[in-house]
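Report on the structure
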Amino acid sequence: MNFMDLLRMSGSNLRRRKLRTFLTVLGVIIGTTSIVVMISLGLGMQQALYRQVEQSGGLTAVTVRGKSVGESMIYYGETGDDDDVRYIDDELIEKLGQLEHVQSSFPQYEMSALFLKGQYEGYVSLIAMPREALLEQNIPLRPGGEVPKGDGPLEFIYGNMLPQSFYEKATGKGYWETGELPDIDFEKDSMFLILDQDAYYNSKDTGGGNGGNMSGSESGTSSAPRTAQKHVVKASGVVEGGPDDYNEFCYRAYCDINVLKQVLKREFSGRVIPGQPATQSGKPYRDFFYSAAQVKVDDIDNVESVAEEIRQMGYTVDTNAEFLKSMQKEFAMVQAVLGGIGAISLFVAAIGIANTMMMSIYERTKEIGVIKVLGCSLKNIKQMFLVEAASIGLIGGIIGNLLSFLLSFLINMATGHGAVMGFDGDISYIPWWLALVSMAFAMFVGITAGYFPAKRAMNLSPLAAIRGE
């Protein structure tokens, strides 16, 4: 009996018992779908992590932090503000750039600012970096947008979800209370930028005017409130995506650090810039200190040595490689748990395949006896039952994968391609290898479940089988 004869007989036997075959295949479909969809969720989160790491500079990026400066709206954990930790200044940036295996080093400054437009105002987290560093961030911009130039007026890249941070000044209600976005065209409209927020609110509390483009100096007597300067700013670009499309850059505004420094020093001339340290006498330092330094290493194998050298200099260091390794361990555990849940369904399906094969043997006892008497080898009988079991597994695996792709598509659509869950990209991801492996695994489960029924068929006595009822 050749292989084609085996296929023909196995197919004929499966078609004779359509309902039983359908129910058995259905169990494999459910099991395969469960495994693929469960694992795809873990893979989707892992892909989102890879995109985040890539957007943050890749695996060769090193973030250096010293004593806290600026007014970041994001908590980064303890940086150790003690005497052993130093500030990050231009001298350190230059020194970092001269370290072995370091390709580039750039300063980064983070602060909170207030934007005003008509009846709306909003607190925004500003990220200031040199133009070269902003270009390396690969920020996806809407058509017509560009990275701010370092020699012009103060311009910003606005995150696509920043409109959610604005609210009505009169009512204090914003998007999260009303469900409506502000009537602002972030790509074209000019806005007022308030850097001296204390002066702005103090003048409002005392009934002072806010006047646009004021100098910020004391007016008249020493008791008069200082007037906050309003800087007219425009967008150089807006991050690609809608107001609900989450990504790495969606909630922040980005600008050139050199232009921002000039504006800050001009407005706070002789005074301490908010977020900057002061001397014991309360005066500002001559140097400008940064929130962090971004270092690019030439090769991932040199990241740890460079990071350790910077730590020895008295700074806190975070690397994407360390972050990725820790997250990969967590994702491996998540995928194992999700895959295990799906595997239970396939295990139940395996029991169904074994039961179907055993029932088939009892129903085909005389048929088995006849083909044995006619000279069919025991090997062929075993192969016939294994082919039937493998066919059930393969059919269930194929249909299960098709259903998995459909469910994956629906999950991604329902979650706004990850935006609802806070992910940048699809939350469910099925690579081609997962589809192939799942089909092969379904076949393996079928063959394994059909092995012992096949052995039983081989051991049947031909004469007993023919006489049996």
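In this report, we go over the structure that sits alongside the text.

Reading guide: rules and limits
Residues numbered from 1 in each chain as written. Predicted model: local features only at pLDDT ≥ 70, side-chain atom pairs only at ≥ 80, totals over all residues. Heavy atoms only, no water. Helix = DSSP H or I, 4+ residues; strand = E, 2+ residues; numbered from the N terminus. Buried < 20%, exposed > 50% of the residue type's maximum accessible area, 1.4 Å probe, protein only. Core = buried A, V, L, I, M, F, W, Y, C linked by side-chain atoms within 4.5 Å. Contact = heavy atoms within 4.5 Å. Salt bridge = Lys/Arg side-chain N within 4 Å of Asp/Glu carboxyl O. Polar contact = N/O pair within 3.5 Å; in protein donor to acceptor, adjacent residues only side chain to side chain. Patch = residues over 30% accessible without salt bridge, like charges linked within 9 Å, V, L, I, M, F, W, Y side chains within 5 Å. Areas by Shrake-Rupley, 256 points an atom, 1.4 Å probe, with all protein chains shown as cover. Arc of directions from axis to C-beta. Phe/Tyr/Trp six-rings, centres within 6.5 Å; stacked < 30°, edge-to-face > 60°.

Quick word on unusual backbone geometry
With glycine set apart, most residues show a phi of negative sign, and most peptide bonds adopt trans. Despite not being glycine, H101 has its phi angle at roughly 75 degrees, a positive value. In this structure, H101 sits in the loop between α3 (90–97) and β2 (102–117). Here the phi dihedral of N138 falls at roughly 55 degrees; this positive angle occurs in a residue that is not glycine. Note on N138: relative accessible area 55%, which makes it exposed.

Let's talk about the environment of D299
As for its placement among the helices and strands, D299 is situated in the loop between β9 (292–297) and α8 (303–312). As a C-alpha pair, D299 and L59 span 240 residues in sequence and 8.7 Å in three-dimensional space.

Examining the nonpolar core
Ranked by internal contacts, the top residues of the largest apolar core, which has 52 residues, are Y109, F115, F156 and Y158. Among all residues touching F115, those that are not within four sequence positions of it are Y120, E121, G122, V124, L126, F156, Y158, F166, M191, F192, L193 and V233. The next biggest cluster of nonpolar side chains, apart from the first, holds 24 residues, and it includes V36, L43, L346 and A454.

Comments concerning the pattern of salt bridges
Taken as a whole and assessed by the stated rule, the structure comprises 8 salt bridges. The residue R271 makes a salt bridge to D196 at a minimum N-O spacing of 3.3 Å. Residue R271 is located in the loop between α7 (257–267) and β9, and its partner D196 is located in the loop between β6 (191–194) and α6 (197–205); the two are separated by 75 residues in the primary sequence. For E304, the salt bridge is made with R311, and the minimal N-O distance between the two is 3.4 Å. In this structure, a network of salt bridges that share partners links the residues E304, E308 and R311.

Overview of the side chain of N412
Secondary-structure assignment places N412 in helix α11 (residues 378–414). Residue class for N412 comes out buried when judged on its relative accessible area of 5%. For N412, the side chain forms a polar contact with the main-chain nitrogen of S428, separated by 2.9 Å.

Digging into a nonpolar patch on the surface
Taken together, L403, L406, L407, F409, L410 and M413 make up a surface patch of nonpolar side chains, about 540 Å² in accessible area. Since its relative accessible area comes to 46%, M413 is described here as partly exposed.

Some remarks on α3
Of all the positions in α3, only L92, I93 and L96 are classed as buried. The arc that holds the buried residues of α3, viewed along the axis, is 105 degrees, so those residues lie on one side. With respect to the buried face of α3, the exposed residues turned more than 90 degrees away are E91 and E94. Residues of α3 that are buried sit in contact with β1 (61–65), β2, β9 and α8.

With respect to the packing of aromatic side chains
In this structure the tally under the stated criterion is 13 aromatic pairs. Look at Y158 and F186: their rings are 5.7 Å apart centre to centre, the planes differ by 80 degrees, and that puts the pair in the edge-to-face class. A residue pair is termed long-range when its members are at least 10 positions apart, and Y158 in strand β4 (residues 155–158) and F186 in the loop between α5 (175–178) and β6 qualify at 28 residues. Across the pair, F186 and Y158 agree in class, each one buried. When the ring of F441 is compared with that of F444, the centres are 6.5 Å apart and the planes differ by 25 degrees; the resulting orientation is stacked. Here F441 pairs with F444, and both are found in helix α12 (residues 432–459), just 3 residues apart, close to one helical turn. Residue F444 is classed as exposed on the basis of its relative accessible area, which comes to 52%.

Quick look at α8
Within α8, the full set of buried residues consists of V303, V306, A307 and I310. All buried residues of α8 project into a common sector of 100 degrees when viewed along the axis, lining one side. Summarising the contacts, the buried residues of α8 are in contact with β1, α3, β2, β9 and β10 (316–319). Directly after α8, the chain includes G314, whose backbone phi takes a positive value near 100 degrees.

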